[in-house]
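So the chains spell out like this:
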Amino acid sequence: MPLQVAAPSERQQQLLEQLRRADRELSGQDLHALLRQGPQTMGLATVYRHLRQLQQRGLVRCRHLPSGEALFAPTDRDEHHLTCVDCGLSVVLEHCPMHDVHLHGPQTGGFRLLFHTLEFFGLCEACQQRQAQP
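What counts and how
- Residues numbered from 1 in each chain as written.
- Predicted model: local features only at pLDDT ≥ 70, side-chain atom pairs only at ≥ 80, totals over all residues.
- Heavy atoms only, no water.
- Helix = DSSP H or I, 4+ residues; strand = E, 2+ residues; numbered from the N terminus.
- Buried < 20%, exposed > 50% of the residue type's maximum accessible area, 1.4 Å probe, protein only.
- Polar contact = N/O pair within 3.5 Å; in protein donor to acceptor, adjacent residues only side chain to side chain.
- Contact = heavy atoms within 4.5 Å.
- Axes fitted to C-alpha atoms, helices over the stretch in contact; angles between N-to-C directions.
- Parallel < 35°, antiparallel > 145°, perpendicular 65-115°, else oblique.
- Pairing = 2+ DSSP bridges.
- Core = buried A, V, L, I, M, F, W, Y, C linked by side-chain atoms within 4.5 Å.
- Salt bridge = Lys/Arg side-chain N within 4 Å of Asp/Glu carboxyl O.

Draft legend 1. Up close: the side chain of S27. Position of S27 among the secondary structure elements: in the loop between α1 (10-21) and α2 (28-36). On the accessibility criterion, S27 (2% relative accessible area) is buried. A polar contact is formed between the side chain of S27 and the backbone nitrogen of D30, at a distance of 3.0 Å. With residues near it in sequence (within four places) discarded, S27 still touches E69, A70, L71 and F72.

See below:
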């Protein structure tokens, strides 16, 4: 029998809508600032608590940059990235090579799969050139 998941709360729905409207991933601070401009404000700790709950429901994914900053996006926006470990430049991959991978039965170890992320890390061309300079 499928697990029944309650609908997101009003505040969670606010966060989800902000993430869906954005043309990029947003940090918790970005979301907090956007909500401060609207009629219903939300404290920063509340923003992060609701983002965590949305992530646990499989509605939001979180990506951590080499700087430690966490960026959030709705899971229905299937984006994966290549990130420079030096300057932090992040490029969206055009195609996810994981789409053709399917985990079944024993491979999942009993997990109910919600979403996946895929990240590659390296040095961008500009950082490679800068580092090659004597």
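Next comes the rest of the write-up.
Draft legend 2. Quick look at the packing of α1 against α2. With their axes 11 Å apart at the nearest point, α1 and α2 run at an angle of 105 degrees to one another. As summarised for this structure, α1 and α2 are arranged roughly perpendicular, according to the angle between their axes. Listed contacts from α2 to Q14, L15, Q18 and L19 of α1 are L31, L34 and L35.

Draft legend 3. Representation of the pairing of strand β1 (residues 60-64) within the structure. Summarising burial for β1: four of the five residues are buried, a large majority. Judged from the five bridges that link them, β1 and strand β2 (residues 70-74) form a sheet pairing that is antiparallel. Opposite V60, over in β2, you have P74 as the bridge partner. The loop that links β1 with its antiparallel partner β2 comprises five residues; one of these, G68, has a positive phi angle of about 100 degrees.

Draft legend 4. Structural detail: the nonpolar core. One finds L15, L19, L31, V47, L51, V60 and F72 to be the most contacted residues of the largest nonpolar core, which totals 15 residues. Beyond its immediate sequence surroundings of up to four residues, L31 is in contact with L15, Q18, L19, L26, V47 and L51.

Draft legend 5. Main features of the side chain of H32. As for its placement among the helices and strands, H32 is situated in helix α2. What makes H32 buried here is its relative accessible area of 17%. The contacts of H32, once residues within four sequence positions are left out, are M42, G43, L44 and V47.

Draft legend 6. Focus on the environment of D30. Within the secondary structure layout, D30 lies in helix α2. Taking C-alpha positions, D30 is 9.9 Å from Q18, a pair spaced twelve residues apart along the chain.

Draft legend 7. Here's a closer look at the pairing of β2. Among the five residues of β2, five are classified as buried, and the element is accordingly described as predominantly covered. Alternating residues of β2 divide into A70, F72 and P74 and L71 and A73, and every residue in both groups is buried.

Draft legend 8. Representation of the pattern of salt bridges in the model. According to the stated counting rule, one finds eight salt bridges in the structure shown. Two residues, E17 and R20, come together in a salt bridge whose shortest N-O distance is 3.7 Å. Here E17 and its partner R20 are both found in helix α1, three residues apart, which amounts to about one turn of the helix. Relative accessible area serves as the criterion here: at 37%, R20 is assigned to the partly exposed category. Between R63 and E119 there is a salt bridge whose closest N-O contact spans 4.0 Å. One end of the pair, R63, is in strand β1; the other, E119, is in strand β5 (residues 119-122), and 56 residues separate them in sequence. On the basis of relative accessible area, R63 is assigned to the buried category, the value being 4%. Bridged by salt links that share partners, the residues E25, R61, R63, E79 and E119 form one connected network.

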